[in-house]
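What the coordinates show
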Amino acid sequence: MMAVSYNPWLVLLSLALAALDAYVAFSVVGRIARSRGPAAMLWTAFGALAMGSGVWAMHFIGMLALQVPIPLGYGSRQTTLSAVPVVLATGATLWLLARHPNRTGAVLAGCVLGLGMTAMHYLGVGALDMQPAIAWSVPWTVASVLLALVGSIAAIGLHSIIWRSERRRRWWLRVLAALMLGSTSTGVHYLGMAAMQFAPGAVSLQARAGLHGLGLGLAVSLVSGLLLLLTLGVSLAHRQLQRRTEAISRELGQARDALSWLAYHDELTALPNRANVLDLLDRLLPLASEERFEVAVMFVDLDGFKSINDTLGHEVGDEFLRSVADALRASVRSRDTVARFGGDEFVVVLERFRSEQNLSAICQKILSLVSRPVTVAGHSVSATPSIGVAMFPRDGGDAASLLRHADLAMYSAKEHGKAGYCFYQPRMSEQARDRLLLSAELREALQREELVVHYQPKVALDTRRVVGLEALVRWPHAERGLLLPQHFVPLAESSGLIAQLGRVVLRQVARQLALWRTRGLPLVPVAINVSLQEIQDGQFVTGLLGTLREFGLHPSLIEFEITESAAMKNAEHTLRQLRQLEALGFRMAIDDFGTGFSSLSHLRQLPTQTIKIDQSFVQGAERNPADRDITEAIIALARKLRLSTVAEGIETEAQAAWLREAGCETGQGFLFVPPLPPSQVPALLLAERTPASSTL
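Each value, and the rule that gives it
- Residues numbered from 1 in each chain as written.
- Predicted model: local features only at pLDDT ≥ 70, side-chain atom pairs only at ≥ 80, totals over all residues.
- Heavy atoms only, no water.
- Helix = DSSP H or I, 4+ residues; strand = E, 2+ residues; numbered from the N terminus.
- Buried < 20%, exposed > 50% of the residue type's maximum accessible area, 1.4 Å probe, protein only.
- Contact = heavy atoms within 4.5 Å.
- Areas by Shrake-Rupley, 256 points an atom, 1.4 Å probe, with all protein chains shown as cover.
- Pairing = 2+ DSSP bridges.
- Right-handed = clockwise from strand over helix to strand, strands pointing away.
- Phe/Tyr/Trp six-rings, centres within 6.5 Å; stacked < 30°, edge-to-face > 60°.
- Axes fitted to C-alpha atoms, helices over the stretch in contact; angles between N-to-C directions.
- Parallel < 35°, antiparallel > 145°, perpendicular 65-115°, else oblique.
- Nonpolar A, V, L, I, M, F, W, Y, C, P; charged D, E, K, R; others polar.
- Core = buried A, V, L, I, M, F, W, Y, C linked by side-chain atoms within 4.5 Å.
- Left-handed = near helix turned anticlockwise from the far one by under 90°.

Before going further, it helps to spend a moment on the overall build of the protein chain. A tally of regular secondary structure across the protein chain gives 26 helices and 22 strands. Expressed as a percentage of the 696 residues in the protein chain, the buried residues total 50%. Within the protein chain, contacts between residues separated by at least 24 positions form 74% of all contacts whose residues are at least 6 apart in sequence. When the accessible area of the protein chain is evaluated, it comes to approximately 33100 Å², of which 58% is carbon and sulfur surface.

Before going further, it helps to spend a moment on the pairing of strand β21 (residues 644-647). Where strand β20 (residues 610-613) lies against β21, four bridges are found, and the strand directions are parallel. If you follow T610 over to β21, its bridge partner there is S644. In this sheet, strand β22 (residues 666-667) lies alongside β21 in parallel orientation, the contact comprising two bridges. Residue pairing across strands places V646 opposite T666, the latter belonging to β22. After leaving β21, the chain enters helix α24 (residues 653-662) and then returns to the sheet as β22, a path that is right-handed.

The next thing to look at is the packing of aromatic side chains. Using the criterion set out here, one finds seven aromatic pairs in the structure. Ring centres of F305 and F320 lie 6.3 Å apart, and the angle between their planes is 15°; this geometry places the pair in the stacked category. A residue pair is termed long-range when its members are at least 10 positions apart, and F305 in helix α10 (residues 305-312) and F320 in helix α11 (residues 314-331) qualify at 15 residues. The two residues F305 and F320 agree in class, both being buried.

On to the packing of helix α13 (residues 399-415) against helix α14 (residues 426-447), then. Packing of α13 against α14 leaves a shortest axis separation of 10 Å and a crossing angle of 80°. Here α14 runs roughly perpendicular to α13, going by the angle between their axes. When α13 is examined against α14, the residues H405, L408, A409, S412 and E415 are found in contact with a partner set consisting of M428, S429, A432 and R435. Looking at the contact of α13 with α14 residue by residue, the classes come out as four nonpolar, three polar and two charged.

Here we take up the sheet that holds strand β8 (residues 337-342). Each strand in a sheet pairs with another by means of backbone hydrogen bonds, the pair being arranged parallel or else antiparallel. Read from one edge to the other, the open sheet built from five strands follows the order β8-β9-β7-β12-β13, with strand pairing classed as mixed. Looking at which strands have only one partner, the edges of the open sheet turn out to be β8 and β13 (421-423). Direction aside, neighbouring strands of the sheet carry axes that sit 20° apart on average. Where β8 and strand β9 (residues 345-351) come together, five bridges link them in antiparallel fashion.

Another aspect to go through is the pairing of β9. Of all seven residues making up β9, six are buried, and the element is well covered by its neighbours. Looking at chain direction, strand β7 (residues 295-303) and β9 are connected through seven bridges and run antiparallel. Bridging from a neighbouring strand, V297 pairs with V349 of β9. Hairpin remark: β8 followed by β9, antiparallel, with two residues in the connecting loop; positive phi at G343, about 60°.

Turning our attention to unusual backbone geometry. The omega torsion of the bond from F392 to P393 falls at 5°, within 30 degrees of zero and hence cis. Along the chain, the position of P393 falls in the loop between β12 (384-392) and α13. Of note, R352 is a non-glycine position whose phi angle comes to about 55°, a positive value. Within the fold, R352 resides in the loop between β9 and α12 (356-371). Of the residues examined, R352 reaches a relative accessible area of 37% and is grouped as partly exposed. The phi torsion at R464 lies on the positive side, around 60°, for a residue other than glycine. Residue position: R464 is located in the loop between β14 (452-460) and β15 (466-477).

The residue E470 is located in strand β15 in this model. Taking relative accessible area as the criterion, E470 reaches 5% and is therefore assigned buried. Apart from the residues lying within four places of it in its own chain, the contact partners of E470 are H454, Y455, Q456, K458, A527, N529, E561, K612, E648 and Q668.

Membership of the largest hydrophobic core comes to 77 residues, with the highest contact counts inside it found for V509, F560 and L581. Looking at this core element by element, the count peaks at 10 residues for helix α16 (residues 498-518). Not counting the four nearest positions on each side in its chain, V509 is found in contact with V453, Y455, A471, V526, I528 and I558. Judged by nonpolar contacts, the second largest core, of 34 residues, contains L271, V332, V348 and L367.

As a packed pair, α11 and α12 sit with axes 9 Å apart at the nearest point and diverge in direction by 150°. By the criterion of interaxial angle, the relationship of α11 to α12 is roughly antiparallel. At the point where α11 passes α12, the crossing takes the right-handed sense. Contact residues: V324, A327, L328, A330 and S331 in α11; I362, K365, I366, L369 and V370 in α12.

Set out below in structure tokens:
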């Protein structure tokens, strides 16, 4: 037999090329598994070409590693055709691994790949075209076929574990599987080479005309290696691109989820918002109608929250709103919905409640928990809720009507003294429409200057002489008659017309004072009620001074009356504005004293000269000793603070005598003179001229 040996460097090169080939093939499997349609077919074809050519190149280099004492050559046509079975087998193997990564798929893929390897090897050996023909050792030939099948199944089976393992172990498994499959392919080749027996004197008919030479082998291995590296690079780049795409997709998904959450939730309290509640009611009400259960909607508004915001700042206000949200959640069942509609408005949706009495109990619980003072940033703050309740189907058949009616019921609760609750009644809709109509009419009346000012004298209790006038606005309505302030001033405040109303009153008073002065009448100060909205308007003082200059009046002829409650809201800003008015020469009075919650230390800082005692204390003194004691305490307090007092609503001589004895200087009421139209005031001023008034 002819002596046979192998070039060890080419053997190592073939082994390295086979291992790289197997690693690239396993990398491509993942790309095929995650692709569909044309992309999957393209990856399969690309992987089959790269892996098949790699196995073929390994075989070709292994053949070149064979060293015999005769020249060898390889028929180019048959050598090229030998790549076909391994390329096809590789493509089928990659597809099976990607689509069936289980034990059955691994066995089938291993058999296909093993048969492809052996077919390629023995076709490639036939390209030597030996004469006499090569004799084959059956044991070695069978061993090569068995190694191809068993080794391929084992390597591919190990690779299939990758898909079921933890991610941190996949790299090592892929390397191990690649080494195993590379060793199998080279082992198949060299076992097949061991099965070859060359007869003495045998020659290769392709030695001169066929493919031969070490340079050719190295060129083949270089091209094949570059193709494998290109495939690996493309696979890794695709993996990085896919990971980046997945990361971007996750980020976009998170952003989409965040936007979706923000669209249906309040960012400050994390409660559902208006859109969320509308969506909930649109889904809940048809179900309630079908299953015949009731749904209640509660509209909750906080009385006094604006004062917290204005006085302590928005950060404290925000923290307080979060505490209110917690209190509302604690007031209802977990299946009920608590939402924030914005500002200090909250909505509660309850389903399957037992009765109206049950709703009343829930309202009482909300009033109790929400009204409790809480400590925020070192400040003890509280606000009282007003609650309106509407029920489905009694008070509305859709979300919009239920919310609208609950809102109307809430305003009704405010009108009844706040810090309470009210169930919707059909008359509330009529009242709301009436308010809306009256608001529009008031706007038109102000534009046409239809409102008029009447004047009620202030009388010195000891001399009964007129020492001042109070301007009281009246609205001569074409259909409703003469309307008093309580019928339209609150409406002006809620509809944003109070500043315009104040300007109308001020101009009428200034015009009237100028007219009386022209007629030579003795003038006395005229008190005008001013709202907090007017005081906080940055243009209030500028407009006021402009009006007085227009009519040539001194500020001492105007006295502003601000309620005790208004003076306490946004105290720092209000105090600054009032001091500016005092510095300009205007008089100041605290109206309705005793009806709000005062801070005596703050009251001491107010630039006021007068305290007006609310008529409820004066008129209640005869029936209630507490009212009498409070009135006398107010008079004593004013005296200590060096302030004058004016008692409102005096209707009897007994009341006047008691107040005079208690130390009150001035009074007004029907006992003396009721509010008069401007035409009747001159006679009163002439008849009751006082020394003080002649100096004005």
